[in-house]
Structures are given as structure tokens and as C-alpha cells.
Amino acid sequence: MPEAPLLEIDNLRTVFRTGHGELPAVDGVSLVIDTGRTLCIVGESGCGKSVLALSILRLVPRPGRIAGGAIRLAGRDLTALSEAEMRGVRGAEIAMIFQEPMTSLNPVHTVGFQIEEAVLAHRAVSRREAREIAIESLARVRIPDPKRRAEEYPHRLSGGMRQRVMIAMALACRPKLLIADEPTTALDVTIQAQILDLLRELQAETGMAILLITHDLGVVAEMADEVAVMYAGRVVERGPAEAIFSDAQHPYTLGLFGSLPRLDAEAERLLAIEGTVPPPFALPSGCRFHPRCAFADGRCANDTPALRRFGERHEAACFRAPLEAMAA
């Protein structure tokens, strides 16, 4: 029998209570991540990527709540756990790193102390042992002189060094799944490459799965085994990275690729997707992308397309796919 997926998200729906009623930020999302694999979630700001990550950890801020669906980690439904049980999962089995480490690290404590606290929260060790684990963790993420750096406060470290500290903290308890929400956005290109290389090396060492949230398709090309494209709270295309890049089947995915400069073609004006992602209180009927889609017709405005298969594990939610139909 094939091995069960590490993380399985089934028809997840996360809503926020507002003056307009309960509005969906994540609406019927289903995804799978296998052990040792990297799934990249891509899409514009406002598509629901970060709310999806917070939903997995059950950290959706009020007035948001998970309204339906299941989130199974190694077969256990996280939505059915008590808050006390969920605290045991966060950090120990699922860890998360954020795009701006300066706002995630406590400025009044040393970085070593903060890693120690994370270790003590999930492992039955002494303070001295936690200190040793913290220093070892800093060494694993290639921070030079980790014993001395453990005594530093966050403001004394560079942005790249602070992000390494966040990775060290996340991996100190050897989680099964690492969620990385735009982990390289605030870093310069050289440091970005170093952080991505580090994540790949640590994944190879530990066998952890990675859920990487990004809007940077260059990062996706470098890191992803699988890709899910989100738009207005829904997954509009998903599949193996090579299939998404070589044979994209949704107009939104094509629009994202069309907005990128290419080194293998002569310079020309980049394409742009007209309009913006609709807010949850003004979602259009039918396909949510149809007001911005050059291929939309009357059916797109009235009916909601389901995900359809176009290859092995490759699915897209578009009436006009495959691409031959679009060109016709």
C-alpha cells in the first residue's frame, strides 16, 4: 500500500465574521503534502495563503474561525483536538517561520534564551540541556560562533542572521512539517539564496516536509516538488512543479507566468493581469477569476468550475482548459 500523506487538507473553509456576515478567506481548499516533499502555495496578496497556514496551526485570529473541513496530520484530525492537545502539536510536530523575523523575535530576550524556551515547551529536558540544544540548533543553520551568538539580542543581528535564528527555533524540536510564510521576502537576493539552500539541506538531513508560501515564482521553481495556485480563497490549479511550469492550464497561472521577465527571450513589455483580487465581501459569481480573465464567457460568470485533471496529479479549475481550447 502507498504511504499515507503526512498532511491532508480536505475541503477546508475558514471564515471571518464581519458586518457583511461570515466571509470566506479559505474556501473549500484540499491539498496533500508527503513526507520529505515541498509544496509551494503561490498567488497574489489577498488570495488566502497566509490564512491557510494559520488554519493548519489553528491560529486564525478572531473573529476568524475554521468553519468546515478537516486537517489531518499523519492521520490525526487537528480540527478535532482540544486547545491543550494542539499546543503540543505546534512547535513539536508543525513549526512555522515568518517573513519578518524582527517582529517574530522578542527584542528583550537573547536569541539563545528564546530557542531554549521553545525546547522546554515541548521536550522533557533541563534548562542546561535546552541551552545545549539551542547552541546546536544555531550551529545547524550555519551561524558562526553559535555559543557567542546565543547571547546576542535580535537587534544586534542582520536580517539574514535573524531569519536563520527563526529557522533554528522552528527546527529545534525536529518537526515533521515546516511552514514557511514568505521566508525570504525581506532579504536581499544573496541572502535569499542562502536561506533557500539552507532549507533544502535541512530537509535532506531531517526528512521534514515543507509548506512554502510565496508570491515569487523564482523561489517556486527552485524549491517546489508540488505547486498549488490560489486565487480568492480557492485553489485554481495544483500539480507537480514541472507540470505547472511547462503546461499551466488555468488563465490565472498563465497570467502569473506572463508577468515575469525571461532571460531566454528578447526584451519586450511584460504582461499584466488587469484588476485586483476581489475582497471576500465582493466575490463575483461563478469563477472568481472571470472579471479579470481574457477567456471568460457567460458560463464563467454563472457557474463555478471544479478542479479537473489534465495529467498525472495535475488539476485546474477552468471551463476553457485545455490550452488548445483557449487558442481556438
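Residues numbered from 1 in each chain as written. Predicted model: local features only at pLDDT ≥ 70, side-chain atom pairs only at ≥ 80, totals over all residues. Heavy atoms only, no water.

## A look at the environment of Val32
As for its placement among the helices and strands, Val32 is situated in strand E2 (residues 21-33). Of the residues examined, Val32 reaches a relative accessible area of 43% and is grouped as partly exposed. Apart from the residues within four sequence positions on either side, Val32 is in contact with Pro5, Leu7, Glu8 and Leu39. (Helix = DSSP H or I, 4+ residues; strand = E, 2+ residues; numbered from the N terminus. Buried < 20%, exposed > 50% of the residue type's maximum accessible area, 1.4 Å probe, protein only. Contact = heavy atoms within 4.5 Å.)

## With respect to the packing of aromatic side chains
All chains considered together, the criterion is met by 4 aromatic pairs. Linked through ring pairs, Tyr231, Tyr252 and Phe289 together constitute an aromatic cluster. Note that Arg299 overlies the ring of Phe319, its terminal NZ or CZ placed 3.9 Å from the centroid. (Phe/Tyr/Trp six-rings, centres within 6.5 Å; stacked < 30°, edge-to-face > 60°. Lys NZ or Arg CZ within 6 Å of the ring centre and 35° of its normal.)

## Focus: helix H11 (residues 251-258)
Residue pairs spaced three or four apart in an α-helix point in one direction, given the helix's 3.6 residues per turn. Burial of H11 is extensive: 6 of the 8 residues sit out of reach of the surface. Within H11, the full set of buried residues consists of Pro251, Tyr252, Thr253, Gly255, Leu256 and Phe257.

## Brief notes about the sheet that holds strand E9 (residues 226-231)
One open sheet accounts for 8 strands, arranged E6-E7-E8-E3-E9-E10-E12-E11; its pairing is mixed. The open sheet has two edge strands with one neighbour each: strand E6 (94-97) and strand E11 (308-311). With strand direction ignored, the average angle separating the axes of adjacent strands in the sheet is 20 degrees. The sheet contact formed by E11 and strand E12 (residues 314-316) spans 3 bridges and is antiparallel. In the strand pairing of E12, Gly311 is matched with His314. Across the sheet, helix H7 (residues 159-171) lies against E6 and strand E7 (177-181), angled at about 170 degrees from E6, the strand it touches most. (Pairing = 2+ DSSP bridges. Axes fitted to C-alpha atoms, helices over the stretch in contact; angles between N-to-C directions.)

## Digging into the sheet that holds E2
One open sheet holds the 4 strands; their spatial order is E2-E1-E4-E5, and the pairing between them is antiparallel. Across the chains shown, the open sheet's two edge strands, defined by having one partner strand only, are E2 and strand E5 (76-77). Across 8 bridges, the pairing between strand E1 (residues 7-18) and strand E4 (residues 64-73) is antiparallel. Bridging across to E4, Asp10 finds its partner in Ala70. Those strands touched by helix H1 (residues 49-56) are E1, E2 and E4, and its axis lies near 110 degrees from that of E1.

## Side note on the pattern of salt bridges
For the coordinates displayed, the defined rule picks out 29 salt bridges. In this structure, Arg149 and Glu152 form a salt bridge, with 3.8 Å as the shortest nitrogen-oxygen distance. Classification of Glu152 as buried rests on a relative accessible area of 11%. Between Arg313 and Glu226 there is a salt bridge whose closest N-O contact spans 3.1 Å. (Salt bridge = Lys/Arg side-chain N within 4 Å of Asp/Glu carboxyl O.)

## Observations regarding empty space enclosed by the protein
Applying the stated criterion across every chain, the model contains 1 cavity of 30 Å³ or more. Put simply, the largest cavity is a space of about 70 Å³. Taken together, His250, Pro251, Cys287, His290, Cys293, Phe295, Cys300, Pro305, Ala317, Cys318, Phe319 and Arg320 make up the lining of the largest cavity. In terms of residue class, the lining of the largest cavity is built from 9 nonpolar, 2 polar and 1 charged. (1 Å grid on protein atoms, 1.4 Å probe; cavity = no way out; pocket = protein on both sides within 12 Å on 5 of 7 lines; lining within 4 Å. Points joined across faces, edges and corners; volume = space filled by probe spheres on them. Nonpolar A, V, L, I, M, F, W, Y, C, P; charged D, E, K, R; others polar.)

## Focus: the layout of surface pockets
Looking at the second largest pocket, its volume works out to about 400 Å³. Taken together, 17 residues make up the lining of the second largest pocket; nearest its centre are Leu31, Val32, Glu226, Arg238 and Arg313. Looking at the lining of the second largest pocket, the elements that each hand over two or more residues are E1, E2, E9 and strand E10 (234-240). In terms of residue count, the dominant contributor to the lining of the second largest pocket is E2 (4 residues).

## Thoughts on the packing of H7 against helix H8 (residues 189-206)
In contact at an axis separation of 10 Å, H7 and H8 are set at 15 degrees when each is read in the N-to-C sense. With respect to H8, the element H7 is oriented roughly parallel. Viewed along their axes, H7 and H8 form a crossing whose handedness is right-handed. Touching Gly160, Gln163, Arg164, Ile167 and Leu171 of H7 are Ile191, Gln194, Ile195, Leu198, Leu199 and Leu202, all from H8. Taken together, the residues that form the contact of H7 with H8 break down as 7 nonpolar, 3 polar and 1 charged. (Parallel < 35°, antiparallel > 145°, perpendicular 65-115°, else oblique. Left-handed = near helix turned anticlockwise from the far one by under 90°.)

## Topic: the pairing of strand E8 (residues 209-214)
Taken across its 6 residues, E8 has 6 buried, putting it largely inside the fold. Taking every second residue as pointing to the same face, both faces of E8 are buried, with Ala209, Leu211 and Ile213 on one and Ile210, Leu212 and Thr214 on the other. Where strand E3 (residues 38-42) and E8 come together, 5 bridges link them in parallel fashion. The residue bridging Ile41 from the neighbouring strand is Ile213, located in E8. Note that E7 and E8 share 5 bridges and pair parallel. Each bridged residue has a counterpart across the sheet, and for Leu178 the counterpart in E8 is Ile210. With H8 bridging E7 and its parallel neighbour E8, the resulting β-α-β unit is right-handed. (Right-handed = clockwise from strand over helix to strand, strands pointing away.)

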